[in-house]
Amino acid sequence: MEQILQQTKQAPQNSALRAAFPATVPVLTGYLCLGIAYGVLMRTAGYGLGWAVLLSILCYAGSMEFVTVTLLTSVFDPVQALIMSILVNARHCFYGLSILEKYKGTGWARPFLIFGLTDETFSLVSTLDPPAGVERRDFYFWITLLDYLYWLTAIGNLLGGVLPFDSTGMDFALTALFVVLFLEQWKKKENRPAGIIGLVCTAASLAAFGPGNLVIPAMVLMLAVLLGGRKKLCT
């Protein structure tokens, strides 16, 4: 009887895992390439595989991890590191606001879902709904956990630590992944107006504030435009 009850409890989780895994395969391949680039940069900076994995566990933010490589090799300035982390990861505040409804009622999984909300996970969660018979909480939990485990597998970091080639330009891998995520969002016609708004606001922010200070103004401008036109965008 206990075995039957245990199997009954595991069945929904297994269904959610089977539904979530195919959706995360593109993230797996992307993280492999990013891991190689990150591993090469860490090795070039003088840090081994252990440090690369430890930083991935504690600082689960791909773009910030690339920035951290530079911070680790420069003069220690905790204030600068804090400000840089806030600026680089401030976009997650906007991610969170846009999926509050999807994460509503997720119970015990909610803290981990918040922690694991990376760019790639947001792209999946914001565009995918669980299939019939799969709990929304379990579906999003497995997407988030799988993406987290992909980044921590250290396969890319290990390869990056042993491949002998020049690391110049490797940090562009993160930008390339963002472009792919944008194109994936662009496939849905209902997402295109928001994508165009993002491009225009970013271009305006670049022109007004320059490449070194465009991120926060661009996000504030995008938020203002999206909130102002939410009625038309939602129809």
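Residues numbered from 1 in each chain as written. Predicted model: local features only at pLDDT ≥ 70, side-chain atom pairs only at ≥ 80, totals over all residues. Heavy atoms only, no water.

Remarks on the overall build of the protein chain
In terms of helices and strands, the protein chain carries 13 helices and 0 strands. When the elements of the protein chain are put in sequence order from the N terminus, they spell out α-α-α-α-α-α-α-α-α-α-α-α-α. The buried share of the protein chain, taken over its 235 residues, is 35%. Split by element, the accessible area of the protein chain, about 13700 Å² in all, is 71% carbon and sulfur. (Helix = DSSP H or I, 4+ residues; strand = E, 2+ residues; numbered from the N terminus. Buried < 20%, exposed > 50% of the residue type's maximum accessible area, 1.4 Å probe, protein only. Areas by Shrake-Rupley, 256 points an atom, 1.4 Å probe, with all protein chains shown as cover.)

As for the environment of tryptophan 51
Take tryptophan 51: it is sitting in helix H2 (residues 49–58). Since its relative accessible area comes to 55%, tryptophan 51 is described here as exposed. Along the primary structure tryptophan 51 and glycine 39 are separated by 12 residues, whereas in three dimensions their C-alpha atoms are 9.9 Å apart.

With respect to the pattern of salt bridges
Any two side chains of opposite charge can pair if their charged atoms end up close together. In the structure shown here, the tally under the stated rule is 2 salt bridges. Between aspartate 129 and lysine 102 there is a salt bridge, with the nearest N and O atoms lying 3.3 Å from each other. Placement of aspartate 129 in the loop between helix H7 (119–127) and helix H8 (136–152) and of lysine 102 in the loop between helix H5 (91–98) and helix H6 (110–115) is noted, with a sequence separation of 27 residues between them. Arginine 137 is the partner of aspartate 138 in a salt bridge, and the nearest nitrogen-oxygen pair spans 3.2 Å. (Salt bridge = Lys/Arg side-chain N within 4 Å of Asp/Glu carboxyl O.)

Focus on the nonpolar core
Residues Tyr31, Tyr38 and Tyr103 are the most contacted members of the largest nonpolar core, which totals 39 residues. Elements with a minimum of two residues in this core: helix H1 (2–44), H2, helix H3 (62–72), H7 and H8. It is H8 that provides the largest number of residues to this core, a total of 11 residues. (Core = buried A, V, L, I, M, F, W, Y, C linked by side-chain atoms within 4.5 Å.)

Here we look at the packing of aromatic side chains
As enumerated under the stated definition, the model contains 10 aromatic pairs in all. Where phenylalanine 139 meets tyrosine 140, the ring centres are 5.7 Å apart and the plane angle is 50°; that geometry is what we call tilted. Ring centres of phenylalanine 141 and tryptophan 142 lie 5.6 Å apart, and the angle between their planes is 70°; this geometry places the pair in the edge-to-face category. Phenylalanine 141 gets classed as buried once you look at its relative accessible area, which sits at 14%. When its relative accessible area of 18% is taken as the criterion, tryptophan 142 is described as buried. (Phe/Tyr/Trp six-rings, centres within 6.5 Å; stacked < 30°, edge-to-face > 60°.)

Description of the packing of H3 against helix H4 (residues 78–89)
Interaxial distance between H3 and H4 falls to 10 Å at its minimum, and their mutual angle equals 155°. Considering their axes alone, H3 and H4 lie roughly antiparallel with respect to each other. Handedness of the crossing formed by H3 with H4: right-handed. Contact residues: H3 offers Ser63, Met64, Val67 and Leu71, while H4 offers Ala81, Met84, Ser85, Val88 and Asn89. Partitioned by chemical class, the residues of the contact of H3 with H4 number 6 nonpolar, 3 polar and no charged. (Axes fitted to C-alpha atoms, helices over the stretch in contact; angles between N-to-C directions. Parallel < 35°, antiparallel > 145°, perpendicular 65-115°, else oblique. Left-handed = near helix turned anticlockwise from the far one by under 90°. Contact = heavy atoms within 4.5 Å. Nonpolar A, V, L, I, M, F, W, Y, C, P; charged D, E, K, R; others polar.)

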